[in-house]
Structures are given as structure tokens and as C-alpha cells.
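# Geometric and topological summary
Spelled out, the chains give:
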Amino acid sequence: MLKTIIRTILLTAAAIAEFSLAPSSHAQGTPQAQVIWGAYGVNSVATADGVDLPVGDLALLGSFGLTPFQIQADASSVSLLDAKFVPYASARIGDNHPLTPQPAPGFWLTDTNASTDKVIVGSETFSIAHQQIYYWVFNAPTIAAATEQGIFTAPNNPNWIFPDDNDLINITPTEIGDVPHPQGILVGSFGVSDSPLTGSPQYNLAPIVVIPEPANYQVLLAAVAIGLSFQLSSRLRRSKNRLRKRQALN
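Residues numbered from 1 in each chain as written. Predicted model: local features only at pLDDT ≥ 70, side-chain atom pairs only at ≥ 80, totals over all residues. Heavy atoms only, no water.

## Some points on the overall build of the chain
The condition that has to hold: For helices the rule is a DSSP run of H or I covering at least 4 residues; for strands it is a run of E covering at least 2, with both sets numbered from the N terminus onward. Buried residues are those whose accessible area, probed at 1.4 Å on protein chains only, stays under 20% of the maximum for their type, while exposed residues exceed 50% and partly exposed ones sit between those limits. Contact between two residues is taken to exist if any of their heavy atoms lie within 4.5 Å; hydrogens are not considered. Each accessible area value is a Shrake-Rupley result obtained with a 1.4 Å probe; residue values ignore everything except the protein chains displayed when judging cover.
For the chain, the count of helices and strands is four helices and 14 strands. By residue count, 41% of the 250 residues in the chain fall in the buried class. Taking the intrachain contacts of the chain between residues at least 6 apart in sequence as the baseline, contacts between residues at least 24 apart amount to 71%. Carbon and sulfur atoms make up 60% of the accessible area of the chain, which totals about 13,500 Å².

Following this line, the structure appears as C-alpha cells:
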């Protein structure tokens, strides 16, 4: 009950602030979708060992061009996941948490107002309208530096679908506490420890376990084969030398 009340107050306040303080995209004739997202209730996001993520670590909001099963199967290949991910927004752990005067480890609150019909990634443009929302969180400020990741979503929750820019209601509130466990935790876990700030269970990341590519396996096997061949050749030479010495003595 307390969690619901807190989230309702925060979401209402964020929505009011957005429409009252920021220029309205509807008034300008260029509607854009709006997504409120983060860990701003009672559950933090933490490392695999149960330490709330440090301020400054990276959180991404977007959609995958993969099924949940494929995401889990490809969890060891961050580069592949990244290639199939359409980022809608990014945030830093500690951003705008309303319950503490200072940035709080493990928590953040972001209100993103941007088009879902035209998401530009490099030289390409994607539409993620009416697609599933995912949080992709790392234990570092960049993907390249991360050794842990977490991928979270809320299946069957209508709030976790990106609205279209032109939908009658094109704003949706999401929060990490919406994520059901284990169904919505595609990479990571739940409840390794409790957040020191709220005393509530954490959503935890998982180590990035890099599996060598098939080509690397072939190189490794070739190296092993060469090593074994060298050892066998050395043993054969030593055996022949011993045999010659014995024959010479006889």
C-alpha cells in the first residue's frame, strides 16, 4: 500500500511538472510520446552481490528486436544485444531521486519526452511505438566498461508498451517495481539483499559471462593440437635416442 501511494504521488507530480513547466509538444503541433521511468519507489537496482549501484552508472530505456527467449540466450554477447537494441533514452543512477537531497545509489527518476515513431540511431530511423519497454542497466558508466548487466521488463503490463506519438494518451509511467519476478527479469535476479535506503528487496544485475566465438574455439583447438603434436614428437625423439644408445652399448 505504501509503495503504491508513493508511486502515485511521484508519477502525478512528474506529469504535472512536465505539462506545466515544459513547452507542450501538443500545443506546438508536434506531439511526442512521454515515458516516466526509473527506480524511484522502494526497490533499488544493485550489483549481483547486493550493493546498490553507484551514482553515475548507466541505465538505458528502449526496445529489443529480439524475443525474451532470444535475449536470455544471447545474454553473454553484449555486442549482439546492443546491435538489436533501439535506445529511446538513457539515464544515470542517482538522477533526480525525489526522496533524498543527494543522488541516491541504486535509484533514479527520468521523464523522457521524445518521439517513438522516429527514433534515430546512427544513420537509421526506427519506430518503437507500441513495442515492449525494457530497462537495460549496467554496473559502469558505459557498456564497454561493464562487467554486469540487468535486463528488466513487465510482460502483460500495458504501461510497459511504448505509446505512439499520436495516441490520445501518449504518456506512460513505468517503474522498476512493476517488474514481476522471475518473469520480467530476463537477465539478473531479485532479492539478493535489501536496499539500505528503503529496506526493500533489490533488483540485481548478473555477471557478463563472455563465451568465446566459434572462430576462437577453432583457434584454441588448433593451438592445443599443435601443442600435443609437439609433445608427442619430442617424446618420440627421446625414445629413439634412448633406443640407439642401448643398441650402441650392445
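## Observations regarding the nonpolar core
Among soluble globular proteins, nonpolar side chains are generally buried collectively. The criterion, for reference: What makes a nonpolar core is a set of buried Ala, Val, Leu, Ile, Met, Phe, Trp, Tyr and Cys residues whose side-chain atoms join them at distances within 4.5 Å.
Trp37, Leu61, Tyr88, Trp108, Tyr135, Val137 and Phe152 are the most contacted members of the largest nonpolar core, which totals 30 residues. Secondary structure elements with two or more residues in this core: β1 (33–39), β3 (58–64), β4 (85–92) and β8 (134–138). Listed in part, the 19 residues of the second largest apolar core include Tyr134, Phe138, Ala146 and Leu186.

## Remarks on the side chain of Gln34
Counted only if it meets this: Any N or O atom pair separated by 3.5 Å or less is treated as a polar contact, with the protein-specific requirement of one donor-capable and one acceptor-capable atom, and with residues adjacent in sequence counted only for side-chain atom pairs.
Here Gln34 is to be found in strand β1. Within the structure, the side chain of Gln34 is placed 2.8 Å from the side chain of Asp111, a separation counted as a polar contact.

## Digging into the pairing of strand β13 (residues 201–204)
Here is the rule: Pairing between strands is defined by DSSP: at least two bridges between the two strands are required.
Bridge count for strand β2 (residues 45–46) against β13 is two bridges, and the pairing is parallel. Paired with Val45 across the two strands is Tyr203, which belongs to β13. As defined by bridge partners, strand β12 (residues 189–194) adjoins β13 across three bridges and the pair is classed as antiparallel. Bridge pairing links Phe190 to Tyr203 in β13. Adjacent in sequence and paired antiparallel, β12 and β13 are bridged by six residues, among which Gly199 carries a positive phi angle near 75°.

## What about the sheet that holds β2?
Strands sit in the order β2-β13-β12 across an open sheet of three strands; the sheet is mixed. Pairing within the sheet leaves two strands with one partner each, and these edge strands are β2 and β12.

## Looking at unusual backbone geometry
Here the residue pair His181 and Pro182 is connected by a cis peptide bond, since its omega of 10° sits within 30 degrees of zero. Structurally, the position occupied by Pro182 is in the loop between β10 (171–173) and β11 (185–187). Phi angles above zero are rare outside glycine, and His130 is one such case at about 65°. As for its placement among the helices and strands, His130 is situated in the loop between β7 (124–126) and β8. At Asn156, a residue that is not glycine, the phi angle is positive and equals roughly 70°. By the element assignment, Asn156 lies in the loop between β9 (148–152) and β10. Of the residues examined, Asn156 reaches a relative accessible area of 81% and is grouped as exposed.

## Some thoughts on the side chain of Glu148
How we decide: The positive count covers Lys and Arg only, the negative count covers Asp and Glu only, and His and the chain ends enter neither. By definition, a salt bridge exists where a carboxyl oxygen of Asp or Glu is found within 4 Å of a side-chain nitrogen of Lys or Arg.
Mapped onto the elements, Glu148 comes out in strand β9. Here Glu148 occupies a buried position and makes no salt bridge, while the nearest side chain of opposite charge, Arg92, is found at 15 Å. One polar contact links the side chain of Glu148 to the main-chain amide nitrogen of Ala48, over a distance of 2.9 Å. Leaving out residues up to four positions away in the same chain, Glu148 has contacts with Thr47, Ala48, Val137, Phe138, Asn139, Leu205, Ala206, Pro207 and Ile208.

## A word on the sheet that holds β1
The condition that has to hold: Angles here are taken between N-to-C directions and fall from 0 to 180 degrees, while the axes themselves are lines fitted to C-alpha atoms, restricted in helices to the stretch in contact.
Taken in spatial order, the three strands make up an open sheet running β5-β1-β10, and their pairing is mixed. The sheet is open, and its two borders are formed by β5 (108–114) and β10, each paired with just one other strand. Between one strand and the next, the sheet's axes are offset by a mean angle of 10°, whatever the strand orientation. As paired strands, β1 and β5 are joined by seven bridges and run antiparallel to one another. For Gln34, the partnering residue across the bridge sits in β5 and is Asn113.

## Let's talk about the confidence of the model for the chain
How we decide: What pLDDT expresses is the predictor's confidence in each residue, scored from 0 to 100.
Here the chain averages 84 in pLDDT, while 73% of its residues score no lower than 70. Note on residues 18–27: pLDDT is under 50 here. Beyond four places in sequence and across chains, it has 13 contacts.

## Some thoughts on the environment of Ala140
Along the chain, the position of Ala140 falls in the loop between β8 and β9. On the basis of relative accessible area, Ala140 is assigned to the buried category, the value being 5%. The spacing of Ala140 and Asp57 is 83 residues in sequence and 4.6 Å in space, taken between C-alpha atoms. With sequence-adjacent residues up to four places away left out, Ala140 is seen in contact with Asp57, Leu58, Ala145 and Ala146.

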